Amino acid sequence: MKIGKLAGAAALGVAALAALPAFAQGAAPAAPVVPTAAMVNKGDVSWMLVSTAFVLMMSVPGLALFYGGLVRAKNMLSVLMQVLTIVCVASLVWVSWGYSMAFTNGGGLNSFVGGFSKIGLQGVDATTFAATFSNGVYLPELVFVIFQMTFACITPALIVGAFAERVKFTPLIVFTVLWLTLVYFPMAHMVWYWPGPDFQPGAPDDHGLLWGWGALDFAGGTVVHINAGIAGLMGCLVIGKRRGYKAEPMPPHSLVMTMIGASLLWIGWFGFNAGSNLESNAVTAVAFINTFTATAAAGVAWALIEQIVHKKPSLLGAASGVVAGLVAITPAAGFAHPMTSIVLGAVASGVCFVFVTTVKNKLGYDDSLDVFGVHCVGGIVGAIATGIVAAPSLGGQGVFDYNVLPATFDPATYSIAAQVWIQIKAVVFTLVFSGVISFVLFFVLDKTMGLRPTAEVEAEGLDIAEHGERAYNM
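Keep in mind it's a predicted model, so treat the numbers as computed, not measured.

**Brief notes about the nonpolar core**
Stage number 1. Core analysis: the largest hydrophobic core is formed by 132 residues, its most contacted members being Tyr67, Trp94, Tyr184 and Phe272.
Stage number 2. Sorting elements by how many residues they give to this core places helix 5 (residues 169-192) first, with 14 residues.
Stage number 3. Excluding anything up to four places from it in sequence, Trp94 contacts Tyr99, Ala102, Phe103, Val145, Gln148, Met149, Ala152 and Phe185.
Stage number 4. Within the second largest apolar cluster, five residues are counted, among which are Phe129, Ala131, Tyr138 and Phe199.

**Some thoughts on the packing of helix 2 (residues 42-70) against helix 3 (residues 76-103)**
Stage number 1. Close contact between helix 2 and helix 3 brings their axes to 8 Å; oriented N to C, the two are set at 160°. Here helix 2 is positioned roughly antiparallel relative to helix 3, judged by the angle of their axes. Relative to helix 3, the crossing made by helix 2 is right-handed. On the side of helix 2, the interface is formed by Leu56, Ser59, Val60, Ala64, Leu65, Tyr67 and Gly68, while helix 3 contributes Met76, Val79, Leu80, Val83, Leu84 and Val87.

**Observations concerning the pattern of salt bridges**
Between side chains of opposite charge, pairing is possible as soon as their charged atoms come close.
Stage number 1. Evaluated as defined, the whole model comprises nine salt bridges.
Stage number 2. Linking Glu141 and Lys118 is a salt bridge whose minimum nitrogen-to-oxygen distance equals 2.6 Å. Within this pair, whereas Glu141 is found in helix 4 (residues 141-159), its partner Lys118 is found in the loop between helix 3 and strand 1 (129-131), the two being separated by 23 residues in sequence.
Stage number 3. Salt-bridge contacts for Arg242 lead to Asp366; the nearest nitrogen and oxygen are separated by 2.8 Å. Of this pair, Arg242 sits in the loop between helix 7 (221-239) and helix 8 (255-274) while Asp366 sits in the loop between helix 11 (338-363) and helix 12 (371-389), and the two are 124 residues apart along the sequence.
Stage number 4. By relative accessible area, which is 1% here, Asp366 ends up buried.
Stage number 5. One network of salt bridges, in which partners are shared, links Arg72, Glu165, Arg166, Arg242, Glu248 and Asp366.

**Describing the confidence of the model for the protein chain**
Stage number 1. Per-residue pLDDT for the protein chain averages 93, and the proportion of residues at 70 or more is 93%.
Stage number 2. Overall, residues 1-29 carries pLDDT values under 50, and its contacts beyond four positions in sequence, including any with other chains, amount to 123 contacts.

**A word on the state of the cysteines**
Stage number 1. In this structure the tally under the stated criterion is zero disulfides.
Stage number 2. In this structure Cys352 is not part of a disulfide, and its nearest cysteine sulfur, from Cys376, lies 9.6 Å away.

**Re the packing of helix 5 against helix 13 (residues 416-448)**
Stage number 1. Contact geometry for helix 5 and helix 13: axes closest at 10 Å, N-to-C directions at 160°. In terms of axis orientation, helix 5 runs roughly antiparallel to helix 13. Here helix 5 runs over helix 13; the crossing is right-handed. Residues Pro171, Val174, Phe175, Leu178, Trp179, Leu182, Val183, Pro186, Met187 and Met190 of helix 5 form the contact with helix 13, whose participating residues are Phe429, Thr430, Phe433, Ser434, Ile437, Ser438, Leu441, Phe442 and Leu445.
Stage number 2. Taken together, the residues of the contact of helix 5 with helix 13 sort by class into 16 nonpolar, three polar and no charged.

**Section: helix 10 (residues 315-329)**
Each turn of an α-helix holds 3.6 residues, which means side chains three or four residues apart point in the same direction.
Stage number 1. When the terminal C-alpha atoms of helix 10 are compared, their 21 Å separation across 15 residues agrees well with the 21 Å that a helix rising 1.5 Å per residue should span.
Stage number 2. Buried residues dominate helix 10, accounting for 12 of its 15 residues.
Stage number 3. Taken as a whole, helix 10 has its buried residues at Gly317, Ala319, Ser320, Gly321, Val322, Val323, Ala324, Gly325, Leu326, Val327, Ala328 and Ile329.

**Here we look at the environment of Leu451**
Stage number 1. Tracing the backbone shows Leu451 in the loop between helix 13 and helix 14 (455-460).
Stage number 2. Classification of Leu451 by relative accessible area gives buried; the value is 1%.
Stage number 3. As a C-alpha pair, Leu451 and Thr170 span 281 residues in sequence and 8.6 Å in three-dimensional space.
Stage number 4. Aside from chain neighbours lying at most four places away, what touches Leu451 is Arg166, Val167, Lys168, Pro171, Val238, Ile239, Phe442, Leu445 and Asp446.

**Concerning the environment of His253**
Stage number 1. Of note, His253 is situated in the loop between helix 7 and helix 8.
Stage number 2. In contact with His253, other than residues within four places in its own chain, are Gly68, Gly69, Val71, Arg72, Ala73, Met76 and Tyr472.
Stage number 3. Of note is the side chain of His253, whose polar atom sits 3.3 Å from the backbone oxygen of Gly68.
Stage number 4. A distance of 2.8 Å separates the side chain of His253 from the side chain of Tyr472, its partner in a polar contact.

**Considerations on the environment of Gly382**
Stage number 1. Topologically, Gly382 is positioned in helix 12.
Stage number 2. Sequence spacing of Gly382 and Ser341 is 41 residues, and the spatial spacing of their C-alpha atoms is 9.8 Å.

**Points about the packing of aromatic side chains**
Stage number 1. For the structure on display, the rule yields 31 aromatic pairs.
Stage number 2. Note on Phe175 and Phe442: the rings are 4.0 Å apart at their centroids and 20° apart in plane angle, and the pair reads as stacked. With Phe175 in helix 5 and Phe442 in helix 13, this residue pair connects regions lying 267 residues apart in the sequence. By the burial criterion, Phe175 is buried, and Phe442 matches it.
Stage number 3. Between Trp179 and Tyr184, the ring centres sit 6.5 Å apart and the planes meet at 35°, which makes this aromatic pair tilted. Like Tyr184, Trp179 is buried.
Stage number 4. Members of the aromatic cluster, joined through ring pairs, are Trp94, Tyr99, Phe103, Phe144, Trp179, Tyr184 and Phe185.
Stage number 5. Lying over the aromatic face of Trp213, Lys425 brings its terminal NZ or CZ to 5.2 Å of the ring centre.

Rules used in this analysis
- Residues numbered from 1 in each chain as written.
- Predicted model: local features only at pLDDT ≥ 70, side-chain atom pairs only at ≥ 80, totals over all residues.
- Heavy atoms only, no water.
- Core = buried A, V, L, I, M, F, W, Y, C linked by side-chain atoms within 4.5 Å.
- Buried < 20%, exposed > 50% of the residue type's maximum accessible area, 1.4 Å probe, protein only.
- Helix = DSSP H or I, 4+ residues; strand = E, 2+ residues; numbered from the N terminus.
- Contact = heavy atoms within 4.5 Å.
- Axes fitted to C-alpha atoms, helices over the stretch in contact; angles between N-to-C directions.
- Parallel < 35°, antiparallel > 145°, perpendicular 65-115°, else oblique.
- Left-handed = near helix turned anticlockwise from the far one by under 90°.
- Salt bridge = Lys/Arg side-chain N within 4 Å of Asp/Glu carboxyl O.
- pLDDT = per-residue confidence, 0-100.
- Disulfide = S-S within 2.5 Å.
- Nonpolar A, V, L, I, M, F, W, Y, C, P; charged D, E, K, R; others polar.
- Expected span 1.5 Å × (residues − 1).
- Polar contact = N/O pair within 3.5 Å; in protein donor to acceptor, adjacent residues only side chain to side chain.
- Phe/Tyr/Trp six-rings, centres within 6.5 Å; stacked < 30°, edge-to-face > 60°.
- Lys NZ or Arg CZ within 6 Å of the ring centre and 35° of its normal.

What follows is the structure in structure tokens.
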């Protein structure tokens, strides 16, 4: 069975390699590996800690400023507060039970979700280790924990853009905790959990559902972007349109801030994608340059499309294209060739442009900051296209077979058609799993706590009503 060097962020969860007893429960590898400090490279550790800080920068200040600039001035602080608080809450939830649910063996439910053996980071300390994608190479487990924590922080924060300017603060935070627990942690487990290359041969059934399918997701196309994007769509449908939508102008109040936020996102994304290799090596460079070229192509493509359609390329459009390119290359970052990444970025940008400017208007939903149109749609394009651009015949990296020790790669066995079909299945599963649970959560919270503020509060702005302050006092 071919399984991708997938990883991403995800890596693999095994994070728990340290908890060797968990692996001892399954069939033991022919040559058991006991991770030691000698298997840890200081360069890998340094790179992963830097990458972690970069990914945190994507949320605060990157995403916060990107979203904050796009809303009206009276709602800017509400968006900043939502993103900041979600990052804080998600961090606490992650170390309390999220890491254990995502990256430990879940027993009878192992294909779908992890267990609680590491709740409260029990058994995780400076002496335990997490697997990378190379045989005999490990990270301190705490490094893996904090890197993955930043992914758990930014994913629910992405959702708020879909219904910005019309959601109450407290129910949103309650939703975040429930959504992380019921949707994000299981998805992370299903896509990224496995016991690592040294243990997989002896425990071939110890992995998440989508990992077992052979789905490729280097850094979060399904887990982060499609997952958050479809949840955002469910939220904006349950909450409804902004009052005055399409009847009164609602321009971004500060495209300067949006540009700053987009730039910080692009820089931080190198940690997001290249860091998902979990090591500092040649594949890290592959993910890095692909993130660069795909994003550049997407930004140019959106500007060109606007030049043709509207006769004027806009900064908002170029920034949107950049984000679309970042989203699309995320699942393919460690698999593609730089030149096919350019094609992927440009195509994804064009598809997202159509959804943002045409499909949304025709269907009539109010996705305030185009979370669905950019993150979900861009994620779908990228996830499916990963099956194409990973092909060795197109300069891709292919996928490694981790069921042998050491892991091997045979380019002759790669089938674009077969891999694309696996990718499509993974996309559909993510849309249904996240979409259904997200809709139920929004619906129940709306009927119990109430998600939407009053008409008077919306007219005045959420900054004053929800937080008692203004972004600007003049």
